[in-house]
Amino acid sequence: PPYRVGVIIGSLSKESINRRLAGALQKLAPKELEFFEIDYSRLPLYNRDFDADYPPEALEFKAQVRSADAILFVTPEYNRSLPGALKNAIDWGSRPWGQNVWADKPTGVVGASPGQIGTAVGQQSLRATLSFLNARQMTSPEAYVSYSPGLVDDDGNVTVEATAQFLSMVMEKFLEYIARVLTVIPRP
Ligand code: FNR
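About the cut-offs
Residues numbered from 1 in each chain as written. Predicted model: local features only at pLDDT ≥ 70, side-chain atom pairs only at ≥ 80, totals over all residues. pLDDT = per-residue confidence, 0-100. Pairing = 2+ DSSP bridges. Helix = DSSP H or I, 4+ residues; strand = E, 2+ residues; numbered from the N terminus. Buried ≥ 20, exposed ≤ 12 C-beta atoms within 10 Å, placed from the backbone. Near = placed C-beta within 6 Å. Nonpolar A, V, L, I, M, F, W, Y, C, P; charged D, E, K, R; others polar. Expected span 1.5 Å × (residues − 1). Arc of directions from axis to C-beta. Right-handed = clockwise from strand over helix to strand, strands pointing away. UniProt positions renumbered as here; feature names shortened; annotations may be inferred. Core = buried A, V, L, I, M, F, W, Y, C linked by C-beta atoms within 7 Å. Contact = placed C-beta atoms within 7 Å.

## Here's the deal with the confidence of the model for the chain
For the chain, per-residue confidence averages 97 on the pLDDT scale, and 99% of positions sit at 70 or higher. Here the predicted complex carries an ipTM of 0.99, next to a pTM of 0.98.

And the structure:
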């Protein structure tokens, strides 16, 4: 497939509904998109003292982001913002100064929560950070998924037909978006 999408899941929970959603999105996506997960669970807490000598986990994380044609964030909302672990990973990717891996990267942001708000506020916080870091962002369509138990079954299928159709449309648009950005900003 022409485009490799790095998936960053904003939850470290084994039971994560966002992990389930990420799996479902991969199944619904057009075949031109190939997905791989970028794990960030072993990153220490960032501080700038690391800038002189990044640990191997952080170098590997940055290499994986760099290697992706695009990044798909699938994230919960924590206390009306993005989860701290996800923010920490993004901070690692942004430094040392001048070596920001997010710059010009095509990105998409989606998320699921059990409540009606569907991670809308968390996604806006994440988008503010991505904007500052000069990532490209698909700004529309947005996907705020209100997750009821069973929405994604154990095989990764979305059980509500209208939601399945909506999410495949979002992935179709994401493919178009990535293709458009990469005609202007060539892959490194
Ligand atoms: C939450 N949850 C939550 N939900 C929401 O819609 N808005 C919010 O601000 C928060 N805040 C929040 C903070 C913390 C610390 C936790 C643990 C949870 C509920 C959250 O949406 C729910 O636990 C999801 O299942 C988390 O996503 P994963 O881990 O299942 O992918």
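## Regarding the pairing of strand β2 (residues 33-37)
Summarising the sheet, strand β1 (residues 3-9) and β2 pair through five bridges and their orientation is parallel. Across the sheet, residue valine 7 finds its bridge partner in β2, namely glutamate 37.

## Some remarks on unusual backbone geometry
The residue after arginine 95, namely proline 96, is reached through a cis peptide bond having omega -10°. Although it is not a glycine, asparagine 79 adopts a positive phi angle of roughly 50°. Here asparagine 79 falls in the exposed class, since 9 other C-beta atoms lie within 10 Å of it.

## Here's the deal with the site of the ligand
Around the ligand, 14 residues are found, and the nearest of them are Ser11, Ser16, Asn18, Pro76 and Ser113. In terms of residue class, the shell around the ligand is made up of five nonpolar, seven polar and two charged.

## Here we look at helix α2 (residues 56-67)
Here α2 spans 16 Å end to end across 12 residues, near enough to the 16 Å set by a 1.5 Å rise per residue. For α2, the full list of buried residues reads Ala58, Phe61, Lys62 and Val65. In an axial view of α2, the angular spread of the buried residues amounts to 95°, which keeps them on one side of the axis. What points out from α2, more than 90 degrees from its buried face, is the exposed set Pro56, Leu59 and Ala63.

## Some details on the pairing of strand β3 (residues 70-74)
Note on strand geometry: in a regular strand, side chains alternate between the two faces of the sheet. For β3, a buried count of five out of five residues is recorded, marking the element as mostly surrounded by other parts of the structure. As defined by bridge partners, β1 adjoins β3 across five bridges and the pair is classed as parallel. Bridging from a neighbouring strand, valine 7 pairs with leucine 72 of β3. With four bridges connecting them, β3 and strand β4 (residues 106-113) associate as parallel partners. Bridge assignment links valine 74 to a residue of β4, and that residue is valine 110. As a crossover connection, the stretch from β3 through helix α3 (residues 84-94) into β4 is right-handed.

## A few points about the UniProt feature "domain: NADPH-dependent FMN reductase-like" (unreviewed entry) in the chain
Here, UniProt's "domain: NADPH-dependent FMN reductase-like" (unreviewed entry) annotation points to residues 4-147. Note that residues 4-147 is 33% helix and 21% strand, and that its end C-alpha atoms are spaced 27 Å apart.

## Some details on the nonpolar core
Residues Val7, Leu21, Leu25, Val74, Leu167 and Met171 are the most contacted members of the largest nonpolar core, which totals 49 residues. Residue contacts for leucine 25: discarding those within four places in its chain leaves Val74, Leu167 and Met171.

## Section: helix α1 (residues 17-28)
Helix length check: α1 (12 residues) gives 16 Å between terminal C-alpha atoms against 16 Å at 1.5 Å per residue, within 8%. Summarising burial for α1: 10 of the 12 residues are buried, a large majority. Among all positions of α1, only Ile17, Asn18, Arg19, Arg20, Leu21, Ala22, Gly23, Ala24, Leu25 and Leu28 are buried. Close packing links the buried residues of α1 with β1, β3, β4, β6 (143-146) and α5 (161-184).

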